[in-house]
Amino acid sequence: MASASPPPPSTSLTSQKPLSSPPSQLPLRKMPGSYGLPLLGPLADRLDYFWFQGPEKFFKTRIEKYKSTVFRTNIPPAFPFFGDVNPNIVAVLDVKSFSHLFDMDLVDKRDVLIGDFRPSLEFYGGARVGVYLDTTEPKHAKVKGFSMELLKRSSEVWRRELLSNLDNFWGTVESDLSKNDAASYIVPLQRCIFNFLSASLAGVNTSVSPDIAENGWQMIDRWLAVQIVPTTKIGILQPLEEIFLHTWPYPFFLVAGDYKKLYNFVNDNAGEILQLGEEKYGLTREETIHNLLFILGFNAYGGFSVFLPSLIGRIAGDDSGLQERLRSEVRRVCGPGSGSGLNFRTVNEMELVKSVVYETLRISPPVALQFARARKDFKISSHDAVFEVKKDELLCGYQPLVMRDANVFDDPEEFKPDRYIGQTGSELLNYLFWSNGPQTGTPSESNKQCAAKDIVTLTACLIIADLFLRYDNITGSAGSITAVVKAK
Ligand code: HEM
């Protein structure tokens, strides 16, 4: 079975540790960690994870305690109203152990998108949509093939719709800035993302439905929030968050009205895409609609809504001279007088822009947690040791720490805009895992790597390039813009 596993980290990447020791040369170690007493262990870990420590400190303190990046612990949700959810996991927190999550011979991805807890299928009209399917389930190949075709067939529409929606987005930001000291941009950004994805993935311009054009993005926000709230630290007043948000799963009926409207919007207007799902990929019409809504709403809209503020904030907040360097690269490749326009080919020539996108995905991976279940007993290696994993154990990787593995990335805590430039830099792409696979991997029907691995990074490059064709510089953060200086 094909897999997206990267090659083992090699010593040539960094002068630090010898990484290439094959598992056979590493000592076999009893896996450290524990699940604690029944009920109390998971409850204590849940409180640490959400309240006393927060996710990052939760994993960091245990790495220090067990002197290992692989150990057993619990992860929420747990106790008391998640009786059928098993919180026991094996944490994998370095590049080497994490990469076992991509080896489809070793792991099963059935129903583990956000851990052992899977929201009710009512959220997807009763369908087990593609992300919840393992590669051994025949329907996975159909849905994955469908999702990749959506991207392939829409690439020109994608560029055009992105740029025209960015026009609206920056127009709103400028108009807000003319009235206020700062423009909060999350709402206009989400509107822009939703409109462009609807046109490019579903082939429907939201203007056909005034309600969806105005409120579609909020409907998706609510639908997403109700599903993932039991697994997400919000950071509001404790213990209220623990009591009211993390104690039980929220029922679908809270968002049933929103989902019905989105369903009708797709059912009534996305005829061509629905036909594609049915005729070419053998899905039923219902399966096509629910998968399309999931890809559009959860994968694409959810992913970009997290990623783009961190990208814009990173650039707008920089005062190290990075903006000048980006601007000059963008204008050299496709500025006025360059003879080239802004498109996927030209952004692909922008080495610094691409490197900034990769580095943002490394330092702030949009999807923090990844899970997979052991298909069989096997041995998992970290950089220092080998451990035995039992069939059916749930592996859990926390990307923000994995992507700061000092054995692979020099000065891992530092945002280095040029990190991926040149030969040594581009080798690091083997260890950039935001898409549930290496950036050098190829999403396919036989792995679980994000179908949009390439288009996501190219889209981010287009957004940066468009920004520096419009403006000489911008100032702001991951939620607001305080100043823009128009291109002279
Ligand atoms: C910034 C945006 C995005 C991020 C951060 C992101 C991230 C991810 C991640 C981490 C996974 C693996 C989940 C897991 O199994 O653990 C995934 C899967 C997937 N993504 Fe993306 N994604 C993004 C955008 C998109 C877009 C635009 C599409 C549109 C087609 C897409 C389609 C998919 C599909 C279909 C899968 C499931 C793959 C499979 O079942 O084999 N994603 N994505």
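Residues numbered from 1 in each chain as written. Predicted model: local features only at pLDDT ≥ 70, side-chain atom pairs only at ≥ 80, totals over all residues. Heavy atoms only, no water.

Asks: Would you take a moment to explain the UniProt feature "binding site: heme" (unreviewed entry) in the protein chain for this structure?
Replies: Sites flagged by UniProt as "binding site: heme" (unreviewed entry) map to Cys450. For Cys450, a relative accessible area of 28% translates into the label partly exposed. Beyond its immediate stretch of four places on either side in the chain, Cys450 contacts Trp434, Ser435 and Pro443. (UniProt positions renumbered as here; feature names shortened; annotations may be inferred. Buried < 20%, exposed > 50% of the residue type's maximum accessible area, 1.4 Å probe, protein only. Contact = heavy atoms within 4.5 Å.)

Asks: What's the story with the sheet that holds strand S5 (residues 369–374) in this structure? I'm lost.
Replies: Pairing between the strands of a sheet comes from backbone hydrogen bonds, and it takes one of two forms, parallel or antiparallel. If you walk across this open sheet you meet the five strands as S1-S2-S8-S5-S3, and the pairing is mixed. The sheet terminates laterally at strand S1 (70–74) and strand S3 (107–108), the two strands that pair on one side only. Here helix H2 (residues 55–66) sits on the sheet and contacts S1, strand S2 (88–92), S5 and strand S8 (394–398); the angle it forms with S1, its principal contact strand, is near 130°. (Pairing = 2+ DSSP bridges. Helix = DSSP H or I, 4+ residues; strand = E, 2+ residues; numbered from the N terminus. Axes fitted to C-alpha atoms, helices over the stretch in contact; angles between N-to-C directions.)

Asks: Mind showing me how you'd approach the packing of helix H5 (residues 155–179) against helix H17 (residues 453–470) here?
Replies: Any two packed helices are characterised by the angle at which their axes cross and by the distance between the axes. Taken N-terminus to C-terminus, the directions of H5 and H17 make an angle of 45°; their axes are 11 Å apart at the nearest point. Judged on the interaxial angle alone, H17 and H5 are oblique. Crossing hand, H5 versus H17: right-handed. Contacts between H5 and H17 pair Trp158, Arg159, Leu162, Leu163, Leu166, Asp167 and Trp170 from the former with Ile455, Thr459, Leu462, Ile463, Asp466, Leu467 and Arg470 from the latter. (Parallel < 35°, antiparallel > 145°, perpendicular 65-115°, else oblique. Left-handed = near helix turned anticlockwise from the far one by under 90°.)

Asks: Can you help me understand the site of the ligand in this one?
Replies: Around the ligand lies a shell of 27 residues, among which Lys109, His140, Lys144, Lys448 and Cys450 are the nearest. In this structure, Lys109 approaches the ligand through a side-chain N or O atom, which is 3.1 Å from an oxygen atom. Contacts to the ligand include His140, whose side-chain N or O atom sits 2.7 Å from an oxygen atom. Going through the elements one at a time, helix H4 (138–153) and helix H11 (285–316) are the ones with two or more residues in the shell around the ligand. Looking at side-chain class alone, the shell around the ligand contains 15 nonpolar, nine polar and three charged residues. (Near = heavy atom within 4 Å. Polar contact = N/O pair within 3.5 Å; in protein donor to acceptor, adjacent residues only side chain to side chain. Nonpolar A, V, L, I, M, F, W, Y, C, P; charged D, E, K, R; others polar.)

Asks: It is not clear to me how empty space enclosed by the protein should be interpreted in this structure. Could you clarify?
Replies: By rolling a water-sized probe across the atoms, one finds the places where empty space is left. A full pass over the atoms with the stated rule returns two cavities of 30 Å³ or more. Size it by volume and the largest cavity reaches roughly 40 Å³. Lining of the largest cavity is provided by Leu162, Leu166, Leu189, Cys192, Ile193, Phe196, Leu308, Ile312 and Ile463. The greatest single-element share of the lining of the largest cavity, amounting to four residues, is contributed by helix H6 (residues 186–202). Its volume calculated, the second largest cavity comes out at about 40 Å³. What lines the second largest cavity is Phe194, Ser198, Ile220, Leu262, Phe265, Val266, Leu293 and Leu296. (1 Å grid on protein atoms, 1.4 Å probe; cavity = no way out; pocket = protein on both sides within 12 Å on 5 of 7 lines; lining within 4 Å. Points joined across faces, edges and corners; volume = space filled by probe spheres on them.)

Asks: Got a minute to help me understand the layout of surface pockets in this structure?
Replies: Approximately 320 Å³ is the volume attributed to the second largest pocket. Contributing to the lining of the second largest pocket are 17 residues, with Ile63, Thr69, Leu93, Asp405 and Ala406 lying nearest its centre. In terms of residues, the lining of the second largest pocket owes the most to one element, H2, which gives three residues. Broken down by class, the residue content of the lining of the second largest pocket amounts to four nonpolar, four polar and nine charged.

Asks: I tried to follow helix H14 (residues 351–363) on my own but got confused; where do I start?
Replies: The α-helix advances 3.6 residues per turn, and as a result positions three or four apart in sequence lie on the same side. Taking 1.5 Å of rise per residue, 13 residues should cover 18 Å, and H14 covers 18 Å from first to last C-alpha, within 8% of that figure. Most of H14 sits out of view: twelve of its 13 residues are buried. (Expected span 1.5 Å × (residues − 1).)

Asks: What is the right way to look at helix H1 (residues 40–52) in this model?
Replies: Compared with an ideal rise of 1.5 Å per residue, which puts 13 residues at 18 Å, H1 spans 16 Å between its outermost C-alpha atoms and falls more than 12% short. Each element contacted by the buried residues of H1 is listed here: H2, S1, helix H8 (240–245) and S5. Positive backbone phi, approximately 85°, marks Gly54, located one or two places after H1.

Asks: Help me out: how do you make sense of the state of the cysteines in this one?
Replies: Two cysteines joined by a covalent bond between their sulfur atoms form a disulfide. One pass over the structure, following the stated rule, counts zero disulfides. Sulfur of Cys334: no disulfide; nearest cysteine sulfur belongs to Cys461 and is 11 Å away. (Disulfide = S-S within 2.5 Å.)

Asks: Explain the environment of Val484 here, please?
Replies: Residue position: Val484 is located in strand S10 (residues 480–486). C-alpha of Val484 to C-alpha of Trp223: the two residues are 261 residues apart in sequence and 34 Å apart in space. Dropping the residues within four chain positions of it, Val484 is found in contact with Glu174, Leu177, Tyr471, Asn473 and Ile474.

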